[in-house]
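Summary of structural features
Each chain, letter by letter, is given below.
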Amino acid sequence: TVERTLSIIKPDATRRNITGKINTVFEVGGLRVVGQKRIQLTTKQAGAFYEVHKDRPFYNELVTFMTSAPVVVQVLEGENAVARHRELMGATNPEEAAEGTVRKLYAQSIGENSVHGSDSLENAEREIAFFFAETEILP
Ligand code: CMP
């Protein structure tokens, strides 16, 4: 079934000007960018987006990193988009990421790992609504 997922191209990638290279991996991999905007996250927004991680030791580091430069938030659409996107991103830790994945190709560390993707269909809906109005999604 056709799904939508929320993707974020993170500050380490916008800084290195590789957002197009990352989109190429997604597009060649069968996903379509149906919503996209470049934004500067505030501390409040990043903190709220990553609320589920608030008790983790890396939470403050994560929020600081995600607000350190612009990000590109995206809605990706395609067959099994949530799982497909996670496949194309590769493992969170770039040292464990498979060949050809975004994180294997471009991530710098477990924190500065170039991309975020929703981990379930339920979270995808919530995360898409966090950043996008329905009118900003154009399949
Ligand atoms: P993401 O998919 O954006 O969701 C939570 C993020 O926390 C994750 O990607 C990583 O970038 C980050 N993260 C996970 N583990 C660590 C860690 N040990 N140190 C720093 N950041 C981490």
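Report on the accompanying structure. This is a predicted model, so every value here is computed, not measured. (Residues numbered from 1 in each chain as written. Predicted model: local features only at pLDDT ≥ 70, side-chain atom pairs only at ≥ 80, totals over all residues. Heavy atoms only, no water.)

For the rest of this paragraph, the subject is the overall build of the protein. Summing up its helical and strand segments, the protein has seven helices and four strands in all. For the protein, the α and β elements follow one another from N to C terminus as β-α-α-β-α-α-β-α-α-β-α. The C-alpha atoms of the protein give 14 Å as radius of gyration, which agrees with the globular expectation for 139 residues (14 Å, within 12%). Each of the three principal axes of the protein carries a C-alpha extent, and together these read 35 × 35 × 25 Å. Here the protein holds 139 residues, and 47% of them are scored as buried. For the protein, long-range pairs separated by at least 24 residues make up 77% of all intrachain contacts whose partners lie at least 6 apart in sequence. Carbon together with sulfur atoms contributes 49% to the accessible area of the protein, which is approximately 7,400 Å² in total. The centroid of the 16 positive side-chain charges in the protein is displaced by 5 Å from the centroid of its 19 negative side-chain charges. (Helix = DSSP H or I, 4+ residues; strand = E, 2+ residues; numbered from the N terminus. Rg over C-alpha atoms; globule rule 2.2 N^0.38 Å. Buried < 20%, exposed > 50% of the residue type's maximum accessible area, 1.4 Å probe, protein only. Contact = heavy atoms within 4.5 Å. Areas by Shrake-Rupley, 256 points an atom, 1.4 Å probe, with all protein chains shown as cover. Lys, Arg positive; Asp, Glu negative; His and termini not counted. Charge placed at Lys NZ, Arg CZ, Asp CG, Glu CD.)

Below, the discussion takes up the site of the ligand. All residues in the neighbourhood of the ligand are listed as K10, Y50, H53, F58, E61, L62, R103, I110, G111, N113 and H116. In this structure, I110 approaches the ligand through a main-chain N or O atom, which is 3.0 Å from an oxygen atom. In the environment of the ligand, an oxygen atom lies 3.0 Å from a nitrogen or oxygen atom belonging to the side chain of H116. Contact with the protein chains covers 80% of the free accessible surface of the ligand, which is 460 Å². Judged by its atoms lying within 2 Å of the grid points, the ligand is housed in the largest pocket. Among the residues forming the shell around the ligand, the class breakdown is four nonpolar, four polar and three charged. (Near = heavy atom within 4 Å. Polar contact = N/O pair within 3.5 Å; in protein donor to acceptor, adjacent residues only side chain to side chain. 1 Å grid on protein atoms, 1.4 Å probe; cavity = no way out; pocket = protein on both sides within 12 Å on 5 of 7 lines; lining within 4 Å. Sits in = over half its atoms within 2 Å of the grid points. Nonpolar A, V, L, I, M, F, W, Y, C, P; charged D, E, K, R; others polar.)

A word on the side chain of H85. Tracing the backbone shows H85 in helix α5 (residues 81-89). Engagement of the side chain of H85 in a polar contact is seen with the side chain of S7, the distance being 3.3 Å. Aside from chain neighbours lying at most four places away, what touches H85 is T5, L6, S7, F26, L31, L76, H116 and G117.

This part takes up helix α7 (residues 121-131). Within α7 the residues assigned to the buried category are A124, E127, I128 and F131. The buried residues of α7 occupy one face: seen down the axis, they fall within an arc of 105°. Relative to its buried face, α7 has exposed residues pointing more than 90 degrees away, namely E122, E125 and A129. On its buried face, α7 is in contact with β1 (2-9), β2 (32-39), α3 (43-49), β3 (71-79), α5 and β4 (115-117). (Arc of directions from axis to C-beta.)

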